[in-house]
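Geometric and topological summary
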Amino acid sequence: MRVIVRAFARLREELGLDRLVLELPDDTTLKELLNRLLSRQEHLMVAVNGKLLPQEEMDNVRLREGDVVDLMPPASGG
């Protein structure tokens, strides 16, 4: 299956790209994708198809053909 990954801010720098199109085995989980792409995953915001996922749900998400995964550092400010 084909999945699009978009990286923002410092994650773009870590990956060296702002957008990747990956061919993955069917039933790949979001956790497997994150393990493949990133050395560190703490303090990470992830959205799949525009829906921001709570940290506790990320392990249970199975990706599907055409999904768009956005990787973002946590928002900060004041």
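Let me begin by describing the structure that accompanies this report. What you are looking at is a predicted structure, and each value in this text was computed from that prediction instead of being measured.

Here is what the cut-offs are and how they apply
Residues numbered from 1 in each chain as written. Predicted model: local features only at pLDDT ≥ 70, side-chain atom pairs only at ≥ 80, totals over all residues. Heavy atoms only, no water. Helix = DSSP H or I, 4+ residues; strand = E, 2+ residues; numbered from the N terminus. Rg over C-alpha atoms; globule rule 2.2 N^0.38 Å. Core = buried A, V, L, I, M, F, W, Y, C linked by side-chain atoms within 4.5 Å. Buried < 20%, exposed > 50% of the residue type's maximum accessible area, 1.4 Å probe, protein only. Contact = heavy atoms within 4.5 Å. Pairing = 2+ DSSP bridges. Axes fitted to C-alpha atoms, helices over the stretch in contact; angles between N-to-C directions.

1. Regarding the overall build of the protein
- Along the protein, the regular secondary structure elements total 2 helices and 5 strands.
- Listing each helix as α and each strand as β along the protein from the N terminus yields β-α-β-α-β-β-β.
- Over its C-alpha atoms the protein spans a radius of gyration of 12 Å, differing by no more than 12% from the 12 Å that the globule rule assigns to 78 residues.
- Seen along its three principal axes, the alpha-carbon backbone of the protein occupies a region of about 40 × 25 × 20 Å.

2. Quick look at the nonpolar core
- One finds Val-5, Leu-30, Leu-33, Leu-63, Val-69 and Leu-71 to be the most contacted residues of the largest nonpolar core, which totals 22 residues.
- Elements with a contribution of two residues or more to this core: strand 1 (2-7), strand 2 (19-23), helix 2 (30-37), strand 3 (45-48) and strand 5 (68-72).
- The element that contributes the greatest number of residues to this core is helix 2, accounting for 4 residues.
- Contacts of Leu-33, omitting those with residues within four sequence positions, involve Val-5, Leu-22, Leu-24, Thr-28, Leu-63 and Val-69.

3. A look at the sheet that holds strand 4 (residues 51-53)
- On the basis of which strands lie adjacent, the open sheet formed by 5 strands has the order 2-1-5-3-4 and mixed pairing. Looking at the sheet topology across the chains shown, the edges are occupied by strand 2 and strand 4. Across the sheet, the mean angle separating the axes of adjacent strands is 25 degrees when strand polarity is ignored.
- Relative to strand 2, strand 1 runs antiparallel, the two sharing 5 bridges. Within strand 2, the residue paired with Arg-6 across the bridge is Arg-19.
- Across the sheet, helix 2 touches strand 1, strand 2, strand 3, strand 4 and strand 5, and the angle it forms with strand 2 is around 120 degrees.

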